[in-house]
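Architecture at a glance
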Amino acid sequence: MNKLSAADLMSLEQYARERPAFRARVLQHKSERQLAVGPNATWAFEDRLTVQYQVQEMLRAERIFEPAGIAEELAAYNPLIPDGSNWKVTLLLEFEAAERPQALARLKGVEDRWVQVEGHERVFAIADEDLERENEQKTSAVHFLRFELTAPMIASLRRGAAIGVGTDHEHYRHAVAPVAPAVQRSLVSDLG
């Protein structure tokens, strides 16, 4: 997928006018790209549209309109766009405020996340390439994952092979297999 450039973005004024319709479109799109993996983890599969929305929202919230600021936001978010042979995922660990510190402490090392294309070995996540998201006390509530797929896996997906995803952490073992057809169609469309 092509990375975003400043030319792909709306000005703050244009975004203010178009935001309600754009937001509705993106939220519908995101609903076909999110998976609840167990009761406390959401996997949001990113693509060009979800990243554009995030950049537009950041520019709006921070009132960024200078070219240097826009370039910074693009540099921060463009790595979340898949490149045709992988999936990029924002993993959200969601707990009530009172239980969050203990839960995130228990989930240190939660990197045991995988996807599996039917008929192929599991692919494990390459996690948090931008910066470390875990310290000695706890893991972060947000992780950025990349799953690299082989050409045979992509070919199988195009022929309709099912996708499964999961987490094998000792304190959090959950899987979704197969993923819903709408999610599968959306994810296969990311592959070159």
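These notes cover the structure that comes with them.

The rules we used
Residues numbered from 1 in each chain as written. Predicted model: local features only at pLDDT ≥ 70, side-chain atom pairs only at ≥ 80, totals over all residues. Heavy atoms only, no water. Helix = DSSP H or I, 4+ residues; strand = E, 2+ residues; numbered from the N terminus. Rg over C-alpha atoms; globule rule 2.2 N^0.38 Å. Buried < 20%, exposed > 50% of the residue type's maximum accessible area, 1.4 Å probe, protein only. Contact = heavy atoms within 4.5 Å. Areas by Shrake-Rupley, 256 points an atom, 1.4 Å probe, with all protein chains shown as cover. Lys, Arg positive; Asp, Glu negative; His and termini not counted. Charge placed at Lys NZ, Arg CZ, Asp CG, Glu CD. Expected span 1.5 Å × (residues − 1). Pairing = 2+ DSSP bridges. Arc of directions from axis to C-beta. Phe/Tyr/Trp six-rings, centres within 6.5 Å; stacked < 30°, edge-to-face > 60°. Polar contact = N/O pair within 3.5 Å; in protein donor to acceptor, adjacent residues only side chain to side chain.

Overview of the overall build of the protein chain
When you go through the protein chain residue by residue, the secondary structure sums to 6 helices and 9 strands. Here the C-alpha atoms of the protein chain give a radius of gyration of 17 Å, agreeing with the 16 Å that 2.2 N^0.38 yields for 192 residues. When the 192 residues of the protein chain are sorted by exposure, 45% land in the buried category. Considering only contacts within the protein chain whose residues lie at least 6 apart along the sequence, 71% involve residues at least 24 apart. When the accessible area of the protein chain is evaluated, it comes to approximately 9900 Å², of which 52% is carbon and sulfur surface. A distance of 4 Å separates the average location of the 23 positive side-chain charges in the protein chain from that of its 29 negative side-chain charges.

Focus on helix 2 (residues 48–62)
The terminal C-alpha atoms of helix 2 lie 21 Å apart, and with 15 residues this matches the ideal 21 Å at 1.5 Å per residue to within 8%. Those residues of helix 2 not exposed but buried are Leu 49, Thr 50, Val 51, Gln 52, Tyr 53, Val 55, Gln 56, Glu 57 and Leu 59. In this fold, the buried residues of helix 2 make contact with helix 1 (12–31), strand 2 (41–46) and helix 3 (67–77). Phi for Arg 63, located one or two positions after helix 2, is positive at around 55°.

Re the sheet that holds strand 2
Strand pairing in a sheet is mediated by backbone hydrogen bonds. Such pairs are either parallel or antiparallel. One open sheet holds the 5 strands; their spatial order is 1-2-3-7-6, and the pairing between them is antiparallel. The sheet is open, and its two edges are formed by strand 1 (34–36) and strand 6 (126–127), each paired on a single side. The pairing of strand 3 (residues 86–93) with strand 7 (residues 142–148) spans 7 bridges and is antiparallel. Residue Asn 86 lies in a different strand from strand 7, and its bridge partner there is Glu 148.

Details of helix 5 (residues 151–158)
Residues lying three or four places apart along an α-helix face the same way, a consequence of the helix completing one turn every 3.6 residues. All buried positions along helix 5 are accounted for by Met 153, Ile 154, Ser 156 and Leu 157. The arc that holds the buried residues of helix 5, viewed along the axis, is 160°, so those residues lie on one side. Packed against the buried residues of helix 5 are strand 3, strand 4 (113–117), strand 5 (122–124), strand 8 (163–169) and helix 6 (181–188). Once helix 5 ends, the next one or two residues include Gly 160, with phi positive near 100°.

Quick word on the packing of aromatic side chains
According to the stated counting rule, one finds 5 aromatic pairs in the structure shown. A centroid spacing of 6.2 Å and a plane angle of 45° characterise the contact between Trp 43 and Phe 45, whose relative ring orientation is tilted. In this structure, Trp 43 and Phe 45 share a single accessibility class: buried. Between the aromatic rings of Phe 45 and Trp 87, the centroid separation amounts to 6.1 Å while the plane-to-plane angle is 90°, which identifies the pairing as edge-to-face. Linking Phe 45 in strand 2 with Trp 87 in strand 3, this pair joins segments that are 42 residues apart in sequence.

Observations concerning the pairing of strand 9 (residues 172–176)
In this structure, strand 8 lies alongside strand 9, joined through 5 bridges in antiparallel fashion. Pairing of Gly 166 across the sheet is with Ala 175, part of strand 9. Count of turn residues in the strand 8/strand 9 antiparallel hairpin: 2 residues.

A short note on the side chain of Arg 113
For Arg 113, the location among the structural elements is in strand 4. The exposure class assigned to Arg 113 is buried, which follows from its relative accessible area of 0%. In this structure the side chain of Arg 113 is engaged in a polar contact, spanning 3.0 Å, whose partner is the backbone oxygen of Val 110. Once you skip the residues sitting within four places of it in the chain, Arg 113 turns out to touch Trp 43, Leu 91, Val 123, Phe 124, Ala 125, Ala 127, His 143, Leu 145, Phe 147, Gly 166 and Thr 167.

Considerations on the side chain of Thr 167
Note that Thr 167 resides in strand 8. With relative accessibility at 3%, the residue Thr 167 sits in the buried group.

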